Amino acid sequence: MESSKQALELYQQQFGEGAKVFFSPGRINLLGEHVDYNGGFVLPAAINKGIWFAIAPNNSNTANFVAADIQESFSVEIDHIRKEDGWKNYVLGVLFVLIKKRYVIAGFNCVFGGNVPQGAGLSSSAALEAGLVYALNDLFSLGINREQMALIAQEAEHSFPGTKCGIMDMFASLHGKENNCMMLDCNSLQYEYLPLELNEYELVLINTKVHHSLNDGQYNRCFQEAMEGLSFFQTLNSLVTSFRSISTDVVNQFKDNLSPEVYNRCIYITEEIERTKQAAIYLKENNVVEFGKLMYQTHKGLSELYKVSCAELDFLVNEAKSKYDIIGARMMGGGFGGCTINLIAKHNREQLVAEIVAAYKDTFGIDAEVYVVETSNGTHEIV
Ligand code: GLA
């Protein structure tokens, strides 16, 4: 689906008049990867690709969903919410959490669809969860603010799909601001908008087309091993509440007490938290070149220490690194596939991207997809 109009037309065909339409964006992340659930800082921005919802109450106790892009639909009684398979869990998780928190909702009809490529690390699932919370809050006047909406969407993801994700994706989807990214403190949820002024450079995503699914266990393993590391440092000092209070030096000091896997994760996390703070300073100073160098460093950490990259992502980043006019690149999002994010000189973008895409095709036989990033405002009603 490519527009709010399509969502509304489909709704009218299926259910008649009276729907409101909402847009919930996907997100990119400039830096601060795999640190949201480790108490770090992240630098995400909402993008102009997302999910549209056409939705209205239906004076019953039944929620009717139509997933337009895959032409599937299903209905559920509001007081009989249970786990199902696949995409249904994203919407059911939201209903489950709202009801658990005693928000009063009734039946509704909902047609949704969008243009965030799935499994590309652009948070299509968070856009779905956050958008549904936002729409239901509006429809049933639930009085939930955006921060609480993000927390509800995160809990929904934890409860039904079962991915122990951090807060970044839903928070960014709900709080995005056009032409800005945000520096989000994942401990306090305080945030600051930073204008995305990249001089002669622009952000380009290259999709490996290697499917990335967060709920296949690999992401939760990252989470568990990180928590194992954190618990160790908490036994040394009960004042430690997150990785924010642990330095790379301290991690090194206790290297022998940690398994190699957990040690590597702890080193990466503590380095990435510092890197993100530095990255925000560079952005504020409009020092795009130094910012780009940090992107390459983050990729190295994600690939060699945190081990969430894959051959296809590493290939794309190495290709980018070999080009003078690409001053930063790294895998983005959960990893194991999905997109790289690249900082490329505008004047040479088409040529460079074509070369990388051709080399990728030669090596892996896959046609990579390319998206030039445009930022957007957070989840909102389309009027
Ligand atoms: C996924 C998760 C986020 C975050 C990123 C990695 O997108 O949903 O919470 O952990 O991976 O930074």
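The preceding data block contains the structure.
The structure contained in this document is the topic of the report that follows.

1. Observations concerning helix H11 (residues 349-364)
Here H11 is 16 residues long and its end C-alpha atoms lie 22 Å apart, about the 22 Å a rise of 1.5 Å per residue gives. When we look at burial in H11, the residues that qualify are Leu352, Val353, Ile356, Val357, Ala359 and Tyr360. Within H11, the buried residues cover an arc of 165 degrees as seen down the axis, which keeps them to one side. The exposed residues of H11 that point more than 90 degrees off its buried face are Glu350 and Asp362. Packing partners of the buried residues in H11 comprise strand S9 (201-207), helix H10 (311-321), strand S10 (326-331), strand S11 (339-345) and strand S12 (369-372). Once H11 ends, the next one or two residues include glycine 365, with phi positive near 70 degrees.

2. What to know about the sheet that holds S12
The sheet built from 4 strands is open, its strands ordered S10-S11-S9-S12 with antiparallel pairing. Pairing within the sheet leaves two strands with one partner each, and these edge strands are S10 and S12. Geometrically, the sheet is characterised by an average inter-axis angle of 20 degrees between neighbouring strands, direction not taken into account. As paired elements, S10 and S11 share 5 bridges and run antiparallel to each other. Each bridged residue has a counterpart across the sheet, and for isoleucine 326 the counterpart in S11 is isoleucine 344. Along the sheet face, helix H9 (residues 288-305) touches S9, S10 and S11 and points at about 30 degrees away from the line of S10.

3. Quick word on the sheet that holds strand S3 (residues 44-57)
A sheet is described by the order of its strands in space; here 6 strands give the open sequence S5-S4-S6-S3-S1-S13, paired in mixed fashion. For this open sheet the edge positions go to strand S5 (72-77) and strand S13 (380-382), each flanked by a neighbour on one side alone. Along the sheet, successive strands turn relative to each other by an average axial angle of 25 degrees, direction set aside. Note: strand S4 (residues 62-67) against S5, 6 bridges, orientation antiparallel. Residue pairing for S5: phenylalanine 65 is matched across the bridge by phenylalanine 74. The strands that helix H2 (residues 88-100) touches are S4, S5 and strand S6 (108-114); relative to S5, the one it contacts most, it runs at about 25 degrees. Set on the sheet, helix H3 (residues 124-139) makes contact with strand S1 (20-29), S3, S4, S6 and S13; between it and S3 the angle comes to about 45 degrees.

4. Description of the site of the ligand
Surrounding the ligand, one finds 13 residues, the nearest of these being Glu33, His34, Asp36, Asp169 and Tyr219. Here an oxygen atom of the ligand sits 2.7 Å away from a polar atom, N or O, in the main chain of histidine 34. Between the ligand and aspartate 36, the relevant distance is 2.5 Å, taken from an oxygen atom to a side-chain nitrogen or oxygen of the residue. Its free accessible area being 310 Å², the ligand has 97% of it covered by the protein chains. When each cavity is represented as a set of grid points, the ligand is found to reside in the largest pocket. Of the residues belonging to the shell around the ligand, the class tally is 5 nonpolar, 4 polar and 4 charged.

5. Brief notes about unusual backbone geometry
A positive phi angle is found at histidine 34, which is not glycine, with a value near 60 degrees. Relative to the assigned elements, histidine 34 resides in the loop between S1 and strand S2 (41-42). Under the relative-accessibility criterion, histidine 34 is labelled buried at 4%. One non-glycine residue, serine 123, adopts positive backbone phi at about 65 degrees. In this structure, serine 123 sits in the loop between S6 and H3.

6. Points about the nonpolar core
Membership of the largest hydrophobic core comes to 116 residues, with the highest contact counts inside it found for Ile28, Phe65 and Phe108. A per-element tally of this core places helix H8 (residues 260-284) first, with 11 residues. Phenylalanine 65 has contacts with Glu72, Ser73, Phe74, Val76, Trp87, Val91, Leu95, Phe108, Cys110, Phe112 and Leu132, leaving out every residue within four places of it along the chain. Counting residues in hydrophobic clusters, the runner-up holds 18 residues, among them Val210, Val317, Leu352 and Ala359.

What counts and what doesn't
Residues numbered from 1 in each chain as written. Predicted model: local features only at pLDDT ≥ 70, side-chain atom pairs only at ≥ 80, totals over all residues. Heavy atoms only, no water. Helix = DSSP H or I, 4+ residues; strand = E, 2+ residues; numbered from the N terminus. Expected span 1.5 Å × (residues − 1). Buried < 20%, exposed > 50% of the residue type's maximum accessible area, 1.4 Å probe, protein only. Arc of directions from axis to C-beta. Contact = heavy atoms within 4.5 Å. Pairing = 2+ DSSP bridges. Axes fitted to C-alpha atoms, helices over the stretch in contact; angles between N-to-C directions. Near = heavy atom within 4 Å. Polar contact = N/O pair within 3.5 Å; in protein donor to acceptor, adjacent residues only side chain to side chain. Areas by Shrake-Rupley, 256 points an atom, 1.4 Å probe, with all protein chains shown as cover. 1 Å grid on protein atoms, 1.4 Å probe; cavity = no way out; pocket = protein on both sides within 12 Å on 5 of 7 lines; lining within 4 Å. Sits in = over half its atoms within 2 Å of the grid points. Nonpolar A, V, L, I, M, F, W, Y, C, P; charged D, E, K, R; others polar. Core = buried A, V, L, I, M, F, W, Y, C linked by side-chain atoms within 4.5 Å.

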